[in-house]
Amino acid sequence: MTTMTRRGLGAAALATSVAPSVLRAQGRTVLRIGWTSGDGAQDPYASGARLFKQGLERRVGERVDVQLFPNRALGDERPMLDGMRLGTVDMGVITNAVIAQVEPAFQVNDMPFLFSSEAQAHRVLDGQVGAALRTRLEARGVVPLGYMEGGFRQMINNVRPIVRPEDLRGIKFRVLQSPIYIEMFRSLGGNAVPMAWGETFTAVQQGAIDGLEIPLGIIDQNKYYEVTKYLSLTGHIYSMIGLLMAKRSFDRLPADLRGPVQEAAAEATAAQRAANAASNVGFRESLARHGMTINEVADKAAFRRGVLPMYEAFRGQIGADIVRDALAAVQ
């Protein structure tokens, strides 16, 4: 076990050792919110957490103390999510694929090449599909307060630019521990290596893997330009990141705080999406300045053909009704 893994497990154990989760301190409600990436000004996870904190504290003043825990301080994403289900972690900003490990219907958001634009993804998530997903996750003990945005995921590696599906052959890509991500690379001829986020930077740095796939903001804000050379703008999956709250923590809130929490989350979601979109142009320029070789992927038709059988294969896991409604909404 690596030092980083031990550290992550220790943090997760600490995060799940405190109960009840919603603390009271000198008459204030304390909400702890964690995420696994950094706390940079433009990190999409950090931005979402800060905007929620600002919005809630503006509404209720000192009645609430929202405490921020970046850099895996409350553990990796799955331990945080499990802690929310137990009620020992209040809140987290969590990657969709990890949410899907708990509620498989969320896999619909990760279906490759489903969304052609951020606006299209917003319409689906803010509509019937998003409402159905919210109901299902609440039944698992976690309340989705907002569907925030990491942006479209892109491929980075140290072997070659990715222009066609065959360019993936022989390249070891770290992927989220998700059946859809694993199957996407398999379908396209690549080599998927499931790995926790906390181990990934070192694994690329040491050559244990060749690359990974993440949004521009995470590449830039976590300095992946220091350890990878090629950035290919595949835009293969839209990265939804959920602003989540333990149902037990939500239910423990004083009744007159529940509305402000939901209002602050809605406001923060809209602001975070807008901020992330504005930042993406700057992220690309920054990555080029830091020496990454960037290429467009002009023809995605071959990639789409390669992953088309996945939609039928995952229909049962996701739910036929959700797949149907999502496909209808993007027509």
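Look above for the structure.
> Summarise the side chain of Gln154; cite the residues concerned and give the values.
You can see Gln154 is positioned in strand E5 (residues 142-157). Engagement of the side chain of Gln154 in a polar contact is seen with the backbone nitrogen of Gly235, the distance being 2.7 Å. In contact with Gln154, other than residues within four places in its own chain, are Leu212, Glu213, Ile214, Pro215, Leu216, Leu231, Ser232, Leu233, Thr234, Gly235 and His236.

> Let's hear about the environment of Lys300: which residues, and what values?
Position of Lys300 relative to the elements: it lies in the loop between strand E10 (293-296) and helix H12 (301-313). Put simply, Lys300 and Ser117 are 183 residues apart on the chain and 14 Å apart in space, counted from C-alpha to C-alpha. When sequence neighbours within four positions are dropped, the list of residues in contact with Lys300 reads Phe113, Leu233, Thr234 and Gly235. In terms of polar contacts, Lys300 uses its side chain to reach the backbone carbonyl oxygen of Thr234, at 3.1 Å.

> An account of unusual backbone geometry is requested, with residue identities and associated values reported.
Here Asn71, not a glycine, exhibits a phi torsion of approximately 55 degrees, which is positive. Turning to its location among the elements, Asn71 is positioned in the loop between strand E3 (64-69) and helix H3 (77-86). Unlike most non-glycine residues, Lys223 shows phi in positive territory, near 60 degrees. Among the secondary structure elements, Lys223 is positioned in the loop between helix H9 (216-221) and strand E9 (230-246).

Conventions and cut-offs
- Residues numbered from 1 in each chain as written.
- Predicted model: local features only at pLDDT ≥ 70, side-chain atom pairs only at ≥ 80, totals over all residues.
- Heavy atoms only, no water.
- Helix = DSSP H or I, 4+ residues; strand = E, 2+ residues; numbered from the N terminus.
- Polar contact = N/O pair within 3.5 Å; in protein donor to acceptor, adjacent residues only side chain to side chain.
- Contact = heavy atoms within 4.5 Å.

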